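Given next are the chains, with one letter for each unit.
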Protein chains: 2
Amino acid sequence: MSNKNVERDQDVSLKLFIVLSRAFEAIEKQIVKNVKEYGLNLTEFAVLELLFHKGDQPIQKVGQKILLASSSITYVIDKLENKSYLTRKACPTDRRVIYASITDEGKKLMEDIFPKHKEAMSKIMGGLTTHEKELVTEKLKKLGLYAQQL
Amino acid sequence: MSNKNVERDQDVSLKLFIVLSRAFEAIEKQIVKNVKEYGLNLTEFAVLELLFHKGDQPIQKVGQKILLASSSITYVIDKLENKSYLTRKACPTDRRVIYASITDEGKKLMEDIFPKHKEAMSKIMGGLTTHEKELVTEKLKKLGLYAQQL
DNA sequence: TATAATTATTTCGAATTCGAGATATTATTA
DNA sequence: TAATAATATCTCGAATTCGAAATAATTATA
């Protein structure tokens, strides 16, 4: 790449990061507002959604999928347990492992929230057409995977 | 839109949010790692960068541009002041206002960091071509502005 | 098999952010 | 002009996240 093109790519990259941050924060803020009405924060919602759709998970798996440090998961799981939306279940084959399991109450909540969440998501992302979203998703996947591998 | 298309757009939107989050977090993590080597976190870096490139700013303006609550800015400005990278300067015309002003030491730091930051940014975003970045930037801008307006 | 290394979860303290409210100042309006 | 509203900054306490280290259990190795 020529010097000029290197510089241009740097400027474009800086700008992309700003715009990416802003877009993410704007969307996140809307979603936070929505789930807050159900007394949940985004992390709690993500954990419940995972258990709701994927079934019981070892606590550590939850952390991996939600992208949270192990100490933070303990905290979130505690909170959801206090709210009676999940229970801890011992693993019969490996006594180190504890499963997080969504309760009936938790399921009921998600059956209520999730469809609304999907609708809200569509509205929040109304700035792009379905096709544009697919295009951006594909590019962002490349971008994210590359950055992750560094 | 048909029912089928509504559902498809919802699914695409959900997926886009996941991918957007992951990309943002992966990139952010790399940048955090870089600026950490200079003893800064991302917020502190953002504040210094703003003052470095745009000159003195009222504290409240800093918060607006960095997207931070007023109570949080006070905290960050305090930290940067303790590190001698900026000083507070009273506004002569409005005694409510306090300017944040980067020090010579702060400028020296940014003259060192910023070019490296630009290079790093290009590398971190190496998963896309310059042209793809521009395309994604344009779409994300639409996406973010729309979400912000809700 | 005993020892060492790995894995899962938790505890603890620190860092960062927020929202609500306090204070001081300036701008508006009745 | 006096009272009211708006603006800028800061203080405080709470929530969330992290990293390091503790504990317990399992797996690998010598």
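Computed from a predicted model, the values in this text were never measured in an experiment.

S.K.: Requested: an account of the protein's contact with DNA strand C, with residues and values cited.
M.R.: What surrounds DNA strand C is a group of 21 residues, the closest being Q60 of chain A together with N41, T43, S71 and K79 of chain B. Protein-proximal atoms of DNA strand C, defined as those within 4 Å of the protein, fall in sugar or phosphate at a share of 67%. The separation between a base oxygen of DNA strand C and a polar side-chain atom of R96 of chain A is 3.1 Å. Here K79 of chain B contributes a side-chain N or O atom positioned 2.5 Å from a phosphate oxygen of DNA strand C. Only α3 (59-66) and α4 (70-82) of chain A together with α4 (70-82) of chain B provide two or more residues apiece to the surface near DNA strand C. With five residues, the top contributor of residues to the surface near DNA strand C is α4 of chain B. By residue class, the composition of the surface near DNA strand C is seven nonpolar, eight polar and six charged.

S.K.: Any chance you could break down the sheet that holds strand β1 (residues 57-58) of chain A for me, citing the residues and the numbers?
M.R.: Residues and elements named next belong to chain A. Across the sheet, three strands lie side by side as β1-β3-β2; this open sheet has antiparallel pairing. Each edge of the open sheet is held by one strand with a lone partner, namely β1 and β2 (86-90). One ladder, built from five bridges, connects β2 with strand β3 (residues 98-102); its direction is antiparallel. When the sheet's bridge partners are listed, T87 is paired in β3 with S101.

S.K.: An account of the interface of chain A and chain B is needed here, citing residue identities and associated values.
M.R.: In this assembly, 54 residues from chain A lie in contact with 54 residues from chain B. In this structure, D11 of chain B and K118 of chain A form a salt bridge, with 3.3 Å as the shortest nitrogen-oxygen distance. For the pair chain A and chain B, the number of links is 22 residue pairs in polar contact (both at pLDDT 80 or more). A total of 23 residues in the side of chain A that touches chain B trace back to one element, the largest contributor, which is helix α1 (residues 3-36) of chain A. Grouping the constituent residues of the side of chain A that touches chain B by class yields 25 nonpolar, 12 polar and 17 charged.

S.K.: Mind laying out the pairing of strand β3 (residues 98-102) of chain B, listing which residues take part and the relevant values?
M.R.: As paired strands, strand β1 (residues 57-58) of chain B and β3 of chain B are joined by two bridges and run antiparallel to one another. Across the sheet, Q57 of chain B pairs through a bridge with A100 of chain B, a residue of β3 of chain B.

S.K.: Break down α3 of chain A for me, citing the residues and quoting the values.
M.R.: All names here are of chain A. Turning to α3, its buried residues number three or more, namely I59, V62, G63 and I66. One face of α3 carries all of its buried residues, which in axial projection span an arc of 100 degrees. Buried residues along α3 sit in contact with α2 (42-54), β1, α4, β2 and β3. Just downstream of α3, L67 is the residue with a positive phi angle, here 65 degrees.

Conventions adopted
- Residues numbered from 1 in each chain as written.
- Chains lettered and ligands numbered in written order.
- Predicted model: local features only at pLDDT ≥ 70, side-chain atom pairs only at ≥ 80, totals over all residues.
- Heavy atoms only, no water.
- Near = heavy atom within 4 Å.
- Polar contact = N/O pair within 3.5 Å; in protein donor to acceptor, adjacent residues only side chain to side chain.
- Helix = DSSP H or I, 4+ residues; strand = E, 2+ residues; numbered from the N terminus.
- Nonpolar A, V, L, I, M, F, W, Y, C, P; charged D, E, K, R; others polar.
- Pairing = 2+ DSSP bridges.
- Contact = heavy atoms within 4.5 Å.
- Salt bridge = Lys/Arg side-chain N within 4 Å of Asp/Glu carboxyl O.
- Buried < 20%, exposed > 50% of the residue type's maximum accessible area, 1.4 Å probe, protein only.
- Arc of directions from axis to C-beta.

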